[in-house]
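# Remarks on the overall topology
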Amino acid sequence: MSTAARSFDPEARPARWQSLARLPLLTYRLLRWHALRGGWLLDHLRRGPRFDRRAFAPDQPIDVIVLFSDHFEPARRFGDAVAVDAVRSWCEDYEALAGRHLDSDGRHPQHTWFYRCDYPNAGCLRELSASAFRGFGEVEFHLHHGFDTHASFAQALERGLDWFNSYGAMLGAEARPRRRFGYVAGNSALDDGAGDPQLSGCPTELWALRDAGCYADFTFPALGSHAQPRTTNSIYYAREDGRRKSYDTGTPAEVGRGPSGDLMIFQGPTAFNGWTGCVDDGSLENTSPASPKRLHGWLSSHVHVVGRPEWAFVKLSTHAMQNRASFLGGATDEMFSAMEHWWNRPPFRLHYVSAREAHNLVKAAEAGRSGNPNDFRDFDVAPPANRVACCNVPWRLRASTPARLHVEVGVGLASPPAARLELAGRNLRGVSGRLREVEAHFDRAGRTTVRLEGEGPFEVEDRDGALTYLPGPGVWELAEERWAPAQVVASA
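Residues numbered from 1 in each chain as written. Predicted model: local features only at pLDDT ≥ 70, side-chain atom pairs only at ≥ 80, totals over all residues. Heavy atoms only, no water.

## Section: the layout of surface pockets
Considered as a void within the structure, the largest pocket measures approximately 1000 Å³ in volume. Surrounding the largest pocket, 32 residues form its lining, Val279, Asp281, Ser283, Thr287 and Ser288 being those nearest its centre. Looking at the lining of the largest pocket, the elements with two or more residues in it are helix H3 (23-32), strand E10 (278-280) and strand E13 (308-318). Among the elements that make up the lining of the largest pocket, the one with the highest residue count is E10 (three residues). (1 Å grid on protein atoms, 1.4 Å probe; cavity = no way out; pocket = protein on both sides within 12 Å on 5 of 7 lines; lining within 4 Å. Points joined across faces, edges and corners; volume = space filled by probe spheres on them. Helix = DSSP H or I, 4+ residues; strand = E, 2+ residues; numbered from the N terminus.)

## So, the environment of glycine 135
With respect to the element layout, glycine 135 can be found in the loop between helix H6 (122-133) and strand E3 (137-143). A sequence separation of 131 residues divides glycine 135 from phenylalanine 266, and the C-alpha atoms of the two residues are 23 Å apart. With residues up to four places along the chain from it excluded, the contact list for glycine 135 reads Gln110 and Arg387. (Contact = heavy atoms within 4.5 Å.)

## Re the packing of aromatic side chains
Here a ring pair, both rings aromatic, is described through the centre-centre distance and the interplanar angle of the planes. Scanning the entire structure with this criterion turns up 25 aromatic pairs. Ring geometry for tyrosine 94 and phenylalanine 136: centres 6.5 Å apart, planes at 80 degrees, overall edge-to-face. Of the two residues, tyrosine 94 sits in helix H5 (residues 80-98) while phenylalanine 136 sits in the loop between H6 and E3, which places them 42 residues apart along the sequence. Considered together, tyrosine 94 and phenylalanine 136 belong to a single accessibility category, that of buried residues. With a centroid separation of 5.8 Å and an interplanar angle of 45 degrees, the aromatic rings of tyrosine 115 and tryptophan 163 are classed as tilted. Pair noted here: tyrosine 115 is in strand E2 (residues 111-116) and tryptophan 163 is in helix H7 (residues 150-165), with a separation of 48 residues, a long-range link. What makes tyrosine 115 buried here is its relative accessible area of 0%. A connected cluster of aromatic rings, assembled from ring pairs, spans Phe68, Phe72, Trp90, Tyr94, Trp113, Phe136, Phe327, Phe336 and Tyr352. (Phe/Tyr/Trp six-rings, centres within 6.5 Å; stacked < 30°, edge-to-face > 60°. Buried < 20%, exposed > 50% of the residue type's maximum accessible area, 1.4 Å probe, protein only.)

## Digging into the pairing of strand E20 (residues 448-462)
Judged from the twelve bridges that link them, strand E19 (residues 428-442) and E20 form a sheet pairing that is antiparallel. Residue pairing for E20: leucine 435 is matched across the bridge by glycine 454. In this structure, the hairpin formed by E19 and E20 is closed by a connection of five residues, where glycine 446 is found at a positive phi of approximately 95 degrees. Of the strand pairs in this sheet, E20 and strand E21 (residues 467-470) are connected by four bridges, and their pairing is antiparallel. Its bridge partner lying in E21, glutamate 459 is registered against tyrosine 469. Hairpin geometry of E20 and E21 is characterised by an intervening segment of four residues between the two adjacent antiparallel strands and by a positive phi of about 90 degrees at glycine 465. (Pairing = 2+ DSSP bridges.)

## Side note on helix H11 (residues 330-342)
Under the 1.5 Å per step criterion, the end-to-end length of H11 is 18 Å for 13 residues, consistent within 8% with the ideal 18 Å. Those residues of H11 not exposed but buried are Thr332, Met335, Phe336, Ser337, Ala338, Met339, Glu340, His341 and Trp342. (Expected span 1.5 Å × (residues − 1).)

## Structural notes on the environment of cysteine 124
The residue cysteine 124 is located in helix H6 in this model. In this structure the C-alpha to C-alpha distance between cysteine 124 and valine 87, which are 37 residues apart in sequence, comes to 6.0 Å. In this structure, cysteine 124 is in contact with Pro74, Ala83, Val84, Val87 and Tyr115, ignoring residues within four places of it in sequence.

## Concerning empty space enclosed by the protein
Applying the stated rule across the entire model yields two cavities of 30 Å³ or more. Looking at the largest cavity, it is lined by 13 residues, and the ones nearest its centre are Met170, Arg180, Arg356, Ala382 and Pro384. Residue classes in the lining of the largest cavity are distributed as eight nonpolar, one polar and four charged. Estimated volume of the second largest cavity: approximately 40 Å³. Every residue lining the second largest cavity is listed: His71, Phe218, Thr219, Phe220, Pro221, Asp281, Lys315, Leu316 and Ser317. If you tally residues by element for the lining of the second largest cavity, the top one is E13, at three residues. Looking at the lining of the second largest cavity residue by residue, the classes come out as four nonpolar, three polar and two charged. (Nonpolar A, V, L, I, M, F, W, Y, C, P; charged D, E, K, R; others polar.)

Structure below.
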């Protein structure tokens, strides 16, 4: 661990004279970058006390829950193939970086790629889904759009979900897979909040998102934009009123109380940094790279569910394709090291989570759950299909339980494609060939039965890496380390 990661105590505060000395610089920056748009400052100053470690009992664990909301936007101007190569190499570099770090649960940093649905490059989505399958994050919905009505926006969501689902994103790995997704509004213009029809035009987006299966919006803060809500440092429910910017205020998420609106708004930190003379909105960009000195502001913002202050959420945002050099560089490495040094020793416990998992922890807190947040990562919304399976061609999960997995392969293609389907945590590790369907059953005795549809021959790989060639479609059974024809498929 670097000296920088260890040397700066994130609970240290600058002396009053140091903060006052930077006040002119802070004022200049607020005005220069129009950061006060949205009218958030007065409400921000009126809010209650920020995080204070002294408010907790000495033996009370304090859980710091960190998530990354990436407005992930591959460039299309150089061609689709170049974009795919860029995403592939980005994932390789990110996995090398994240692979060096672990939280208190033994989890690597979890990236949430809010992929720009207005650029439907299947190769890019395939690379992200593969990284999700390897355990480094999840894919969610990001959309730039304009001049929309409620109907046209709803149709865009439907088309986008169909496309994302075809690579295992935003479709739950459960017995009856459901569409659930997190959302980031392009140009921060949720619910026509920017007041510019080119950036949305639809003042009823909260209804459309709710009806499509959106579990939460992760757009804000958006300092400098007219779309910035008055509410800061909060997880709250916004109620759609049919007018633009319905999310300006709302009802905070609270222990013992369910949703009080149409959509959860999950915000990141907004804090004044007395060390640097700037307002910190949790963005990690080339112009605002990661630094151990920023940890204090992020935690002091104390974004949490009312009644569960010991679970502190830190949502950081980035455009990590455009800001690749800084995000995948040494500054982010030092940030992770600092988090693990300062936030992963008593009384603190560090948890890296995806956006979906963060939402689930909010729902668990509302339901009165307490203790270690790691126990509730899948409390409400199931893990996406591409956490349990991965395929190089379009596919669709039909069912996933501990005893059964059913996948349709080559969705939308006229003939069975040459496919490679990989499975996580199963006796059956993979199937290759011209596949159309794979349905596998797993019993407690360790027996695996698989039904294969398509055009044989097929190659199957067991969990030990052994390969077996099967001549064609049918039902096959793995027993005593050999595959043989089976008469029936085991019941679910």
